[in-house]
Each structure stands twice: as C-alpha cells, then as structure tokens.
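A look at the structure
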Amino acid sequence: MKAILLAAGLSSRMGRQKLLLPFGGSIVLGTVVRSLLDSGTEIYAVLSRETSDAVSADMLTHTAVNREPERGQSSSLLIGLDMMPDGEDFFIMLGDLPFVTSCDIMNLARQFGELPQDKSVLTPCRDGRFGHPMFCRSVWKERFKTVRGDAGGRDILRGYESEIMRVEAPDGSFTDLDTPEDYKKLLNIAR
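Below is a summary of the structure that appears in this document. (Residues numbered from 1 in each chain as written. Predicted model: local features only at pLDDT ≥ 70, side-chain atom pairs only at ≥ 80, totals over all residues. Heavy atoms only, no water.)

**A few points about the pattern of salt bridges**
So the rule is basically this: When a carboxyl oxygen of Asp or Glu is within 4 Å of a side-chain nitrogen of Lys or Arg, the pair counts as a salt bridge. Numbered from the N terminus, helices here are DSSP runs of H or I no shorter than four residues, and strands are runs of E no shorter than two. Accessible area is worked out with a 1.4 Å probe on protein chains only. A residue is then buried under 20% of its type maximum, exposed over 50%, and partly exposed in between.
Throughout the structure, instances matching the rule amount to 14 salt bridges. Two residues, K18 and D178, come together in a salt bridge whose shortest N-O distance is 2.8 Å. Of the two residues, K18 is situated in the loop between β1 (2-7) and β2 (22-23) and D178 in the loop between β10 (164-167) and α7 (180-190); the sequence distance between them amounts to 160 residues. This pair shows no difference in class: K18 is buried, exactly as D178 is.

**Some words on the environment of V139**
Residue placement: V139 occurs in the loop between β9 (134-136) and α5 (140-143). Taking the C-alpha atoms as reference, V139 lies 13 Å from G153; in sequence the two are 14 residues apart.

**Concerning the side chain of D96**
Here is the rule we go by: By the criterion applied in these results, polar contacts are pairs of N or O atoms within 3.5 Å in which, for protein atoms, one can donate a hydrogen and the other can accept it, and in which residues neighboring in sequence qualify only through two side-chain atoms. Between two residues, a contact is recorded if the distance between any of their heavy atoms is within 4.5 Å.
Inspection of the secondary structure assignment puts D96 in the loop between β6 (90-94) and α4 (102-113). Assessed through its relative accessible area of 6%, D96 is described here as buried. Polar contacts involving the side chain of D96 include one to the side chain of K18, which spans 2.8 Å. Among residues more than four places away in sequence, those in contact with D96 are K18, L19, V28, T175, D176, L177 and D178.

**Things to note about the side chain of S39**
Mapped onto the elements, S39 comes out in the loop between α1 (28-38) and β4 (42-47). A polar side-chain atom of S39 sits 2.7 Å from a polar atom in the side chain of T41.

**Description of helix α3 (residues 73-83)**
Those residues of α3 that fall on the buried side of the exposure criterion are S74, S75, S76, L77, L78, G80 and L81. Those residues of α3 that are buried lie in contact with β1, β4, β6 and α5.

**A look at the packing of aromatic side chains**
For the record, the criterion: Between rings of Phe, Tyr and Trp, where Trp is taken as its six-membered ring, a pair exists when centres lie within 6.5 Å; planes separated by under 30 degrees are stacked, by over 60 edge-to-face, and by other angles tilted. For a ring to carry a charge above it, either NZ of a lysine or CZ of an arginine must fall within 6 Å of the ring centroid while also lying within 35 degrees of the normal to the ring plane.
Applying the stated criterion across every chain, the model contains five aromatic pairs. Each ring, one from F23 and one from F99, has its centre 5.3 Å from the other, and the planes form 90 degrees; the classification is edge-to-face. Note that F23 is positioned in strand β2 and F99 in the loop between β6 and α4, a separation of 76 residues in sequence. Under the relative-accessibility criterion, F23 is labelled buried at 5%. Taken together, the aromatic side chains of F91, F112 and F135 make up a single cluster linked through ring pairs. Of note, R143 hangs over the ring of W140, and the distance from its end group to the ring centre comes to 4.8 Å. Positioned over the ring face of Y160 is R143, at 3.8 Å from the centre of the ring.

In structure tokens, the structure reads:
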C-alpha cells in the first residue's frame with residue numbers, strides 16, 4: 001500500500017516543531033515513519049524544511065518539501081497527490097500520530113481490501129470526527145485536488161457521504177499532539 005505522509009505543519013500551537021520532539025526512543029516523526037515501514041507501506045512524505053533535515057534519506061525514498069506550509073494542510077496534501085502514481089489506491093497519514101501502530105495500519109488496510117464496491121473511503125471515525133490513517137481508492141487523487149486551507153479533505157469528503165465507510169479504530173488514530181499540554185499527556189501515556 002502507498003501512503004501520503006503529511007509532515008510539513010508549522011506547529012504554531014506547540015511553539016516548536018512537534019514532529020521533532022523526543023518520543024518512543026526516537027522523535028515523533030521517526031516513530032510514525034517506523035510504524036509505516038513496519039506495515040510494509042511505501043511512503044510519499046511531504047515534509048517541512050525542518051523535518052526534512054531530521055529524517056534520514058534511507059528511511060524515506062519519496063519526499064518533497066512544502067516550501068509554503070503556511071497555506072495549510074491542503075497545500076501538503078496537494079504536493080503528496082502530485083507525487084502519487086496515477087491509478088493507485090492510497091492512504092493519508094499525519095506525522096503527529098505516534099500511537100498508530102503498524103498492526104493498526106495493517107488492520108485498516110485489510111478492511112480497506114474488503115471494502116464494498118459502492119464505497120471509496122475507509123476511515124476511522126469517532127463522535128463524527130475523522131481519524132487517520134484514511135484509506136482512499138484511486139479516484140480520490142483527482143477529487144482531493146480542489147482542497148484549500150487547513151481542513152485537508154474533510155469538506156470534500158462530506159460531498160461523497162455515501163461512499164465513506166466509517167470504522168472503529170484504537171485511540172491512536174485520534175490522538176495527535178498540538179500543544180505542549182498534549183505532548184506531556186502523550187509522554188505519560190507512552191510510559
């Protein structure tokens with residue numbers, strides 16, 4: 001399976017680059033990359049200048065730097081979509097979800113493989129909130145190309161409500177870190 005890894009955010013609420021914070025014997029981004037690689041995923045990573053300098057080239061073979069991350073998450077998604085081969089199913093993963101394990105990814109990939117023909121997206125969902133990783137049939141490469149701002153593809157997804165398969169997923173699919181308080185809580189959970 002192929003993944004677009006979005007790792008170019010500004011981390012403005014954190015006050016420093018959150019993906020470079022120590023976590024799980026590595027850094028937050030390193031932990032996410034390791035889970036993706038351990039699940040057999042081919043990664044198409046969109047990085048910031050800072051995160052690009054911190055990730056070794058032997059871990060990621062397909063990378064691009066978002067030189068204008070202030071345009072929001074959608075700017076990174078568009079870069080990732082441009083890197084993605086045509087006609088391929090893919091999933092979207094966020095760089096600040098270090099509790100998503102390789103087993104979680106493989107479980108969701110298995111469910112995506114069993115998706116009915118009338119569905120094109122499989123996503124963790126809880127209390128109306130989409131989680132990640134979000135698995136998409138290849139048709140979404142074109143559909144997502146109209147995204148703008150920091151909402152990612154949420155608004156576009158809602159236009160195809162009948163095609164979305166919502167599934168249960170572990171807390172890690174929803175546990176991101178945006179603030180210093182979030183980071184402290186995550187470190188306590190990780191111990």
